[in-house]
Amino acid sequence: MIKTIADKYFRFVIVLKKLIKIFSIKNSRILAHKYRKQVIRKNKRKVVNQYVKRIIKEYSKHRFGKKTYWPYLALYTEIRGEFIKGWLPYDYFRYILLPRMNPPEFCYISEQKTFDHRLFGDFAIKPLFVFISGMFLDADFKFIDENKVKKCLSDYDNTIVIKEETGTKGKQVTIIHSSEFILDKLNRKINYIIQPYIKQYKVLEDLHPGSLNTFRVTTFLKTEGSVDIKFVVLRFGVDDSKVDNISSGGQYIYFDISGKPTECAYDIKGFKTGNRHKNTGYVFSKINIPMFQEMLEKCKDAHKKYPYVRLVGWDVCITEQGEPKLVEWNADNPGFWFWEVIYGPFWANDDQILEFKYIN
Amino acid sequence: MLRDYFENICFQAANLIKDIIMKSSMLRYRSMAHKDRRIVVRKKGTSVVNKQVKRSIKEYALQRFGSKAYWPSLALYTEMRGQFIKGWLPIDYERYIWEPKINPPVYSNISEMKTFDFMLFGEFALKPLFLFISGNFYSAELEVMKVSQVKSFLYEYNDLIVVKEELTMGGKSVRIIHSSDFKPEELKEPRNYVIQPYVKQFKMLNELYPESVNTLRITTHLKANGSVGIKFVVLRFGINGSKVDNLDFGGHYIYFNSEGKPSNTAYDKLGIEVGERHINTGYLFSNIRIPKFHKILDLCKTAHKKFPYVHLIGWDICINDLGEPKLLEWNAFRPGINIVDANFGPFWAEDDVL
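### A few points about the interface of chain B and chain A
Here's step 1: In this assembly, 45 residues from chain B lie in contact with 45 residues from chain A.
Here's step 2: Summing the contributions of chain B and of chain A, the shared interface buries around 3,800 Å²; its carbon and sulfur component is 65%.
Here's step 3: Counting across the chain B and chain A interface gives zero salt bridges.
Here's step 4: The tally of links between chain B and chain A comes to 14 residue pairs in polar contact (both at pLDDT 80 or more).

### Details of the side chain of B:Asp117
All names here are of chain B.
Here's step 1: Within the fold, Asp117 resides in helix α6 (residues 117-121).
Here's step 2: For the buried residue Asp117, which engages in no salt bridge, the nearest side chain bearing the opposite charge is Lys164, 6.8 Å off.
Here's step 3: Within polar-contact distance, the side chain of Asp117 engages the side chain of Trp330 at 2.9 Å.
Here's step 4: Residues in contact with Asp117, not counting those within four places in the same chain, are Gly122, Ala125, Leu328, Glu329 and Trp330.

### A word on unusual backbone geometry
Here's step 1: With an omega dihedral of 5 degrees, the bond running from A:Gly344 to A:Pro345 counts as a cis peptide bond.
Here's step 2: The omega torsion of the bond from B:Gly345 to B:Pro346 falls at 10 degrees, within 30 degrees of zero and hence cis.
Here's step 3: Relative to the assigned elements, B:Pro346 resides in the segment after α10 (338-344).
Here's step 4: In this model, A:Phe141 sits at a positive phi of 65 degrees, which is unusual for a non-glycine residue.
Here's step 5: Along the chain, A:Phe141 falls in the loop between β2 (135-137) and β3 (143-144).
Here's step 6: Although it is not a glycine, B:Arg334 sits at a positive phi angle of roughly 55 degrees.
Here's step 7: Within the secondary structure, B:Arg334 is located in the loop between β11 (325-331) and α10.
Here's step 8: We classify B:Arg334 as partly exposed; its relative accessible area is 31%.

### Describing the domain arrangement of chain A
All names here are of chain A.
Here's step 1: Partitioning chain A into domains gives domain 1 (2-102), domain 2 (126-196) and domain 3 (201-331).
Here's step 2: Averaged C-alpha coordinates put domain 1 and domain 3 at centres separated by 26 Å.
Here's step 3: Domain 1 puts ten residues into the contact, and the matching count from domain 3 is nine residues.
Here's step 4: Counting the surface lost from both domain 1 and domain 3, the interface buries some 780 Å², and carbon and sulfur atoms represent 66% of this.

### Remarks on the environment of B:Arg277
Residue and element names in this part refer to chain B.
Here's step 1: Looking at where Arg277 falls in the secondary structure, it is placed in the loop between β9 (252-256) and α9 (293-305).
Here's step 2: For the pair formed by Arg277 and Asn264, sequence separation is 13 residues and the distance between their alpha carbons is 8.7 Å.
Here's step 3: With residues up to four places along the chain from it excluded, the contact list for Arg277 reads Gly282, Tyr283, Leu284 and Phe285.

The rules behind each value
Residues numbered from 1 in each chain as written. Chains lettered and ligands numbered in written order. Predicted model: local features only at pLDDT ≥ 70, side-chain atom pairs only at ≥ 80, totals over all residues. Heavy atoms only, no water. Contact = heavy atoms within 4.5 Å. Buried area = accessible area lost by both parts, 1.4 Å probe. Salt bridge = Lys/Arg side-chain N within 4 Å of Asp/Glu carboxyl O. Polar contact = N/O pair within 3.5 Å; in protein donor to acceptor, adjacent residues only side chain to side chain. Helix = DSSP H or I, 4+ residues; strand = E, 2+ residues; numbered from the N terminus. Buried < 20%, exposed > 50% of the residue type's maximum accessible area, 1.4 Å probe, protein only. Lys, Arg positive; Asp, Glu negative; His and termini not counted. Domains from an automatic or database assignment.

What follows is the structure, given as structure tokens:
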């Protein structure tokens, strides 16, 4: 009887998951329609007429098996000003393709920020301490007495960053002076990483000094085991923002594979925001990152150390000394659509992505 | 917004059902405990759980775990041991209440990634010949290998190999084949596999029972002060032609004290004594001496410190023909063996562990 109940439960959970997926896809399409209207209103022109819509639907049916993926493709078309074959609609990418490329059971580890230094060595920022299972450990996971931690931080006399393990989008990040560290403020049921505050490379500091401006380098593990760079963008904060995150108001510019930036920056909805930073006046096309190739190589090497997922978004900062350092990596949701629209399609000739299978 | 609302409803419904299933599973464990207790009583021909003992057990369950309902497995342990001892953890409490707290599933999941063991624990783990991850073959150092290289290597290797599928438990999906019989196309692409050399076990363990790889289960506990303690050590071995040493597949076990001295008798999965010699080979258990016993314990402690995200780990260690201990797998999900607690515990008598 209990086995029957358990079977029913598992079946129910599967049905629930399917329902959530269907609902999420439908909801994301509603958002696509909404965004498209906003884009049309702002651009004061409409690119997707009946003819273009028919072409989009045909492409959708031909490549993804259904016409219903058209709303995001139409949104992309309005933003870009033309329809380009090869685009992946976001709903297809997020809910169909990504779980196949990055099986969820192998993505958890990317949320374990305290494990990054163990996994990727010195490419990751070496933590001052990690707080795991209610204990302080050094970067090599050697136990450190709490009194010693207090003393070390007091002697450190500099700014530190405290991150909660499961925090995302810059949330659950505290920047304080090391002498202000209060041990009792840590929740013993949560893991934390305590890092030195990164003073960033001069060019990036001049671009917007209020935030740590990071590159998002997206790498793709191909079926034969080599790693490709899919795209590189630099994100930066604007106004008084302390974070560069796009969903928190940040903007981005694209870099080609040789390290040359685009002239114009964009916001989260793909609207151009100008050739210069709106606060500092920094001209985007003048951004020169001499260690750009080194950064790409480090991301590729890091991906090869964790080949369980195919698509990884690496958030990399450049230190004052010009060293690329991993801030965090994202396998659960490496982010996609606005970059695909403006600078893509990134998957136009990559038919292998449509062949990935689910683990049953 | 609508999606958030719908997801919230689904999340709540899933949690409610999960709760019901958890309680049903606990009931199932209690029902199994009653059944096993009857078997133990029948086999031993005597019962120690009378009304007075049952009352003591229920009082202990209420006082320590908040409910008398946990009494059935404690009563089973009492019959196994011949007396009730305060400090035991009932299996239903251990599995569904305690373990998820000390070994959060989000972290214990990594112990199921068998292809990751060598990267995590280095040479302590059995060095794989190849890994098959995301549809590609890799060396132990994660260098991509061509299928032709793998085939050619295994053809020349000319020995037994073990092919294990990832995310499986209890010896399932493990194949032992000759390397020349290996067919890369038989690996199912969305799954990962580890391809290991077949371990020729230490002479003494082979004499104990040659049909199975007889492994030590060493359970380590990460304490709040960062130190790692050994909770218990047992050696499991197969019997009657079985190819595996797993207790659920009929295997037996002997217990080792902290000095490495084995128990005089072995036990079955119900904790019943099965004699002083192996039932097939006649090997005298008290003669078993594990080489480098203390070194093995230290290796497990050191390995646990490399993964401090979970408090309790069960290490399955084999000893090769050169006498070197090698990690076969580690278990952060269901790391304990509750009958060992019944026979030789209680290992969790202090309340601070709860």
